[in-house]
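What follows is each chain in one-letter form.
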Amino acid sequence: MLVPKRAKYRKQMRGVMKGNAYKGTVMSFGEFGLMSEETAWVTARQIEAARRAITHYTQRGGRIWIRIFPDKPITKKPPEVRMGSGKGDVSEFVAPVAPGRILFEMGGVTKDVAVAALTLASHKLNVKTRVIFKEN
């Protein structure tokens, strides 16, 4: 799974997620992409599941680029613990995703295979997505 090697601070604040993505909105590497249509936190587990779905469907053909990285730590307190006594421990890492952000890119496969693989991957994510193509 994807996890940051080092972090300046162990715990982060939640932040505000509003507006459209202003970076990562242009296809840079492949011919086909999966673009987010809403705001969400995509976990490292979801990214890995989507990656595995794409790789399995394409039978390790073509090339995949993961355009998001889960670098935001999310904390959680254990069950049945009273309020107070500080912030919980880091439980997982997420990638904040805004509308218009490209999550995955593919190249070296046919259009039918790419669309099917990216559709499979979109079922693994908690965000509404759309398959996009590079304009020639």
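Higher on the page you've got the structure.
Residues numbered from 1 in each chain as written. Predicted model: local features only at pLDDT ≥ 70, side-chain atom pairs only at ≥ 80, totals over all residues. Heavy atoms only, no water.

## What to know about the environment of P4
And then number 1: Within the secondary structure layout, P4 lies in the segment before strand 1 (32-36).
And then number 2: Judged by its relative accessible area of 21%, P4 is partly exposed.
And then number 3: Taking the C-alpha atoms as reference, P4 lies 9.3 Å from P73; in sequence the two are 69 residues apart.
And then number 4: In this view, P4 contacts F69, P70, D71 and F93; residues no more than four positions away in its chain are not counted. (Helix = DSSP H or I, 4+ residues; strand = E, 2+ residues; numbered from the N terminus. Buried < 20%, exposed > 50% of the residue type's maximum accessible area, 1.4 Å probe, protein only. Contact = heavy atoms within 4.5 Å.)

## Here we look at the packing of helix 1 (residues 44-57) against helix 2 (residues 111-123)
And then number 1: Taken N-terminus to C-terminus, the directions of helix 1 and helix 2 make an angle of 150°; their axes are 8 Å apart at the nearest point. If you check the angle between helix 1 and helix 2, you find them roughly antiparallel. Here helix 1 and helix 2 pass one another in a crossing that is right-handed. For the pair formed by helix 1 and helix 2, the contact residues are A50, A53, I54 and Y57 on the first element and V113, A116, A117, L118, L120 and A121 on the second. (Axes fitted to C-alpha atoms, helices over the stretch in contact; angles between N-to-C directions. Parallel < 35°, antiparallel > 145°, perpendicular 65-115°, else oblique. Left-handed = near helix turned anticlockwise from the far one by under 90°.)

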